[in-house]
Amino acid sequence: MQRRQGTFPAYNRLELRARPSDSAEDEVRSSSLGEILLLVAPLLLVYISNQWSRYSISYLVDFSSSDATKAASAFGAMNVDLQFTESQYGLLASTAFTILFALSSLIAGNLADKYNRKILTLGSCAVWTLATLYTSQAQSYEEVLAARVAMGGACAFAVPAAYTLIADNVAKDKLALSNSIYGSGVYLGGALASLSLLLDESLGWRGTLGAIGGFGAVSVAAAGVLLPSDGERDTATNALKEAQTAGGENSLVENTRRILSIPRARFIFLASFLRFCSGLMIGVWAAPFYKQAFPDNASEYAVVNALIVGALGMTSGILGGYIADGLGSWIQEAKKENASEGLQSIAMDYFDEQTIRLLLPIVGSLLAIPCWYLTTHSAGGENGFQVAMLWLGVEYLVAECWFGPTIAVLQSTVGTSKTGTAQGLFVLTGALGNLAPTVLGWLYGNQITEQSASSSEVLANLLSWGVCAGYLLSSIVFVLSTRASGESMDAGAKQMQ
């Protein structure tokens, strides 16, 4: 049913527009928090469902069960019920999801540049919800594997559609904050995934997945009602895109080639891949590690981890976006005032209003290294669980500020006409990052059979070295990206005319 014009003024303004010309874009984009939330809230709800469905599997396995407790554990542990190993779990939680996710990412980004993004959002959410419900009824490892592949393909379509909607409809000086609000779905979904441990105790792993699938169905329905229509794109923009497509200028291959020809974009993708590797190793293997290291604190961990991921992760992400936008405005004002001394002058020598935002992922990754090492090596001490959770909380607070600023810099670097394809490439870096937990699972499975050390000690060492190496390397590459050439393609094309 169509909304009557004038009934919801803010929604009418957000009737999602085709990309405006550069000269007028900020005049028609939303800058007030209320208008931004009207757009971002339904997208966020879908993203929470995305992340909860994707990561719940990490909380529904248990590799510490002895033979005497396997019968009881089958109710709450998927791996015991379906009889799969640590290496198979690593494949299931990461690479199986990645197979179709990676193949779909570029296609999804290109489609988000051309077609109705509301339909892409609702359709993808419906498919991963069905995959979750199918998993809840699976009778074999192979069935779960097939469902994870299907889920991966569906999840690839939601994020590029959401970020291009945000980029098209939010003023540039609020872009990092808006991206961070949407990105907080990672932490809210992760918090709900952690609380799946509590659902698992009462509903079992099958009932828990059924509840998650129910939330996905509610998300589809709510987003269908609340998300403004994408409508028909601007006639002139559509005509231009058709002409470009006819000439091969708007093809997926050509768009990708142009984006990867920008040095700064290449560095951002590489740094993001390394950062994703660290985050995904934590996402896939942290819960099994803490369940092994602190078996008597499983229920307490579910609640504390949910608070850490949901509250501190989301706080870090939103503050990161807010600070990044503030830094960008600070540099912009310094340029207007032609500052020649003091801190502003020094900052202008190394950054512009876009690249200064990358200070957030650079500093955040470096600060996260000692925090993560300490949280994985607290099991043997007094009050070990409390100390581990303290450092885990600090790690989330300093590390998770990177997402919104990174997306904002990438969007400004590639220009408005290729935002969807660029976002698809960014999602692809995350997909490739799923190889890291798979490799970790393979190493873990081999080492626990070859070493006399306890499985939790082996996992602690693998996690600490793998995650910390990813943080360090990503911060180095983010530094390199601030010094690389980053003229947007749109700006370059205008100068050629």
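Definitions and limits used
Residues numbered from 1 in each chain as written. Predicted model: local features only at pLDDT ≥ 70, side-chain atom pairs only at ≥ 80, totals over all residues. Heavy atoms only, no water. Helix = DSSP H or I, 4+ residues; strand = E, 2+ residues; numbered from the N terminus. Contact = heavy atoms within 4.5 Å. Areas by Shrake-Rupley, 256 points an atom, 1.4 Å probe, with all protein chains shown as cover. Buried < 20%, exposed > 50% of the residue type's maximum accessible area, 1.4 Å probe, protein only. 1 Å grid on protein atoms, 1.4 Å probe; cavity = no way out; pocket = protein on both sides within 12 Å on 5 of 7 lines; lining within 4 Å. Points joined across faces, edges and corners; volume = space filled by probe spheres on them. Salt bridge = Lys/Arg side-chain N within 4 Å of Asp/Glu carboxyl O. Axes fitted to C-alpha atoms, helices over the stretch in contact; angles between N-to-C directions. Parallel < 35°, antiparallel > 145°, perpendicular 65-115°, else oblique. Left-handed = near helix turned anticlockwise from the far one by under 90°. Nonpolar A, V, L, I, M, F, W, Y, C, P; charged D, E, K, R; others polar. Core = buried A, V, L, I, M, F, W, Y, C linked by side-chain atoms within 4.5 Å. Bend = angle between axes of the 7 residues up to and from the residue. Phe/Tyr/Trp six-rings, centres within 6.5 Å; stacked < 30°, edge-to-face > 60°. Lys NZ or Arg CZ within 6 Å of the ring centre and 35° of its normal. pLDDT = per-residue confidence, 0-100. Patch = residues over 30% accessible without salt bridge, like charges linked within 9 Å, V, L, I, M, F, W, Y side chains within 5 Å.

Caption draft 1: Highlighting the overall build of the chain. Helix and strand counts for the chain come out as 22 helices and zero strands. Of all intrachain contacts in the chain linking residues separated by at least 6 positions in sequence, the fraction that spans at least 24 positions is 83%. For the chain, the accessible area works out to roughly 19,900 Å², and carbon and sulfur atoms hold 63% of it.

Caption draft 2: Broad picture of helix α9 (residues 175-183). With respect to burial, α9 is a largely interior element, nine of its nine residues being buried. Those residues of α9 lying buried are Leu175, Ala176, Leu177, Ser178, Asn179, Ser180, Ile181, Tyr182 and Gly183. Looking at the packing, one finds that the buried side of α9 touches α3 (33-55), α8 (141-169), α10 (185-226), α14 (298-337) and α18 (403-414).

Caption draft 3: Structural view of empty space enclosed by the protein. Enumeration over the complete set of coordinates arrives at three cavities of 30 Å³ or more. Of the voids in this model, the largest cavity is the one considered here, and its volume is about 640 Å³. Lining of the largest cavity is provided by 37 residues; of these, Gln51, Tyr55, Val186, Gly279 and Leu280 occupy positions nearest its centre. When residues of the lining of the largest cavity are traced back to their parent elements, those giving at least two are α3, α8, α10, α13 (263-293), α14, α17 (384-399) and α19 (419-433). Top contributing element to the lining of the largest cavity by residue count: α13, with eight residues. Put simply, the second largest cavity is a space of about 60 Å³. If you trace the second largest cavity, you find it lined by Ser53, Ser56, Ile57, Met78, Thr132, Thr135, Val144, Arg148, Met151 and Leu209.

Caption draft 4: Quick peek at the pattern of salt bridges. In total, this model carries eight salt bridges according to the counting rule given. Between Asp81 and Arg206 there is a salt bridge, and its shortest N-O distance comes to 3.4 Å. Here the residue Asp81 occupies a position in helix α5 (residues 78-82), and Arg206 occupies one in helix α10, the gap between them amounting to 125 residues. The partner of Lys174 in a salt bridge is Asp173, with the nearest N and O atoms 3.8 Å apart. Take Asp173: its relative accessible area is 36%, and that puts it in the partly exposed class. Through salt bridges with shared partners, a single network forms among Glu254, Arg257 and Arg258.

Caption draft 5: Up close: the packing of α13 against α17. Between α13 and α17, whose axes approach to 14 Å, the crossing angle comes to 160 degrees. Taken together, the axis directions place α13 and α17 in an arrangement best described as roughly antiparallel. Where α13 crosses over α17, the two elements pack in a sense that is left-handed. Here Arg275, Ile282 and Tyr290 of α13 lie close against α17, whose contacting residues are Ala388, Met389, Leu392, Glu395, Tyr396 and Ala399. Grouping the constituent residues of the contact of α13 with α17 by class yields seven nonpolar, no polar and two charged.

Caption draft 6: Inspection of the nonpolar core at higher detail. Membership of the largest hydrophobic core comes to 115 residues, with the highest contact counts inside it found for Met78, Tyr89, Tyr182, Tyr290, Trp372 and Leu463. Per-element accounting of this core gives the leading share, 17 residues, to α13. With residues near it in sequence (within four places) discarded, Leu463 still touches Met281, Trp285, Phe289, Trp372, Thr376, Leu440 and Cys468. Residues Ala176, Ala324, Leu360 and Ala408 belong to the second largest nonpolar core, which totals five residues.

Caption draft 7: Fine view of α3. Considering bend angle alone, the principal kink of α3 is centred on Val40 and spans about 35 degrees; proline Pro42 follows within four residues of it. α3 sits mainly inside the fold: 17 of its 23 residues count as buried.

Caption draft 8: Representation of the environment of Val253 in the model. Within the secondary structure layout, Val253 lies in helix α12 (residues 252-260). For Val253, a relative accessible area of 68% corresponds to the exposed category. Along the sequence, Val253 and Leu106 sit 147 residues apart, while their C-alpha atoms lie 9.5 Å from each other.

Caption draft 9: Local environment of the packing of aromatic side chains. The final tally for this structure, using the stated rule, is 19 aromatic pairs. Here Trp402 and Phe403 contribute two aromatic rings whose centre-to-centre distance is 5.3 Å and whose plane-to-plane angle is 85 degrees, an arrangement assigned as edge-to-face. Among the aromatic residues, those joined into a ring-pair cluster are Tyr47, Tyr163, Tyr182, Phe276, Trp402, Phe403, Phe426 and Phe478. Its guanidinium or amino end placed over the ring of Phe101, Arg54 lies 5.3 Å from that ring's centre, counting from NZ or CZ.

Caption draft 10: Representation of the confidence of the model for the chain. Of the residues in the chain, 84% have a pLDDT of 70 or more, and the chain-wide mean is 82. Here residues 1-24 is a poorly scored stretch, pLDDT under 50, and it has 50 contacts once near neighbours within four places are set aside; other chains count.

Caption draft 11: Local environment of the side chain of Ser178. Tracing the backbone shows Ser178 in helix α9. The class of Ser178 is buried, set by a relative accessible area of 1%. Ignoring anything within four residues of it in the chain, the contact list for Ser178 reads Ile36, Val40, Ile166 and Val170.

Caption draft 12: Summary view of unusual backbone geometry. One non-glycine residue, Gln83, lies in positive phi territory at about 60 degrees. Locating Gln83 in the fold gives a position in the loop between α5 and α6 (86-112). Gln83 sits in the exposed class, given a relative accessible area of 69%.

Caption draft 13: Layout of a nonpolar patch on the surface. Taken together, the side chains of Leu366, Leu472, Leu473, Ile476 and Leu480 present a nonpolar region at the surface, about 420 Å² in accessible area. In terms of residue count, the dominant contributor to the nonpolar patch is helix α21 (residues 455-483) (four residues). Topologically, Leu366 is positioned in helix α16 (residues 359-375). Under the relative-accessibility criterion, Leu366 is labelled partly exposed at 40%.

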